[in-house]
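A look at the structure
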Amino acid sequence: MTKIATHNGKFHADEVFAFSLLRNLDRFKSAELIRTRDPELLKTADIVLDVGGVYDPTNHRYDHHQPEFKDSFSSQFKTLLSSAGLVYKHFGKEIIASRAAHLAPEQVEALYLHVYESFVEPFDANDNGISAYPSDIKPTIARGFDIFQHVNLLNPGWNQIVTPESSNASFLKAVEV
């Protein structure tokens, strides 16, 4: 069975979404979730998301937390990738093609770019602390409830007793969202 690892403790929308993206592919649909920061346990995983300090797609390591990390989706984008963007960059076309087999390759390519720009890039921006508005502009309306807040609310409360099992259950609930 394939093992996908991410960090334990508080989870964020980027690694939840990255895990969810991978689960869209048949070969990862039943992947086991491992949540840890233990380097020895991370070595046992087939894919590692958002932890471990390594970005190496040939070995399925998708962490963006290195000081020298400067990768964006393409030269068209300035937003640095999070684990969600990294997984989408390397698996997005395959996911789209598997879900929409009737599309021609150029349509898959166009949809791949459109989905990144309209849906995935906000995950990257949110995780990297990039505001949707320049600091000198105040939005005319308050930002509504969004997926990032929803995922955050699924983390166990500060006053709850948390076990690895209950924390993983909360993470998987967020994956469903």
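Residues numbered from 1 in each chain as written. Predicted model: local features only at pLDDT ≥ 70, side-chain atom pairs only at ≥ 80, totals over all residues. Heavy atoms only, no water.

1. Digging into the packing of helix H3 (residues 83-99) against helix H4 (residues 105-127)
The test is simple: To get an axis, fit a line to the C-alpha atoms, keeping to the stretch in contact for a helix; angles then go from 0 to 180 degrees between the N-to-C directions. What counts as a helix is a DSSP run of H or I of at least four residues, what counts as a strand is a run of E of at least two, and both are numbered from the N terminus. By convention, the crossing between two helices is left-handed when the near helix turns anticlockwise from the far helix through less than a right angle, and right-handed when the turn is clockwise. Contacts between residues were defined by any pair of non-hydrogen atoms, one from each residue, lying within 4.5 Å. The classification used treats Ala, Val, Leu, Ile, Met, Phe, Trp, Tyr, Cys and Pro as nonpolar, Asp, Glu, Lys and Arg as charged, and all other residues, Gly among them, as polar.
At a closest axis distance of 10 Å, the pairing of H3 and H4 adopts a crossing angle of 150°. Crossing handedness for the pair H3 and H4: right-handed. Taken together, the residues of H4 that come into contact with H3 (itself represented by Ala84, Gly85, Tyr88, Lys89, Gly92, Lys93, Ile96 and Ala97) are Val108, Glu109, Leu111, Tyr112, Val115, Tyr116, Val120, Phe123 and Asp124. Across the contact of H3 with H4, the residue classes break down as 11 nonpolar, two polar and four charged.

2. Side note on the environment of Lys93
With respect to the helices and strands, Lys93 occurs in helix H3. A C-alpha to C-alpha distance of 18 Å links Lys93 and Phe123, two positions 30 residues apart in sequence. Here Lys93 is in contact with Val108, Glu109 and Tyr112, once residues within four sequence places are set aside.

3. What to know about the sheet that holds strand E4 (residues 55-56)
Definition in use: Here, a strand pair is defined by DSSP locating no fewer than two bridges between the strands.
If you trace the five strands from one edge of the open sheet to the other, you get E2-E1-E3-E5-E4, paired in mixed fashion. Single-partner strands in this sheet number two, and they are strand E2 (32-35) and E4. Relative to strand E5 (residues 61-62), strand E3 (residues 47-49) runs parallel, the two sharing two bridges. Looking at E5, one finds that Leu49 is bridged to Tyr62. Contacts from helix H1 (residues 13-22) reach strand E1 (3-6), E2 and E3 within the one sheet, and its direction differs from that of E3 by about 150°.

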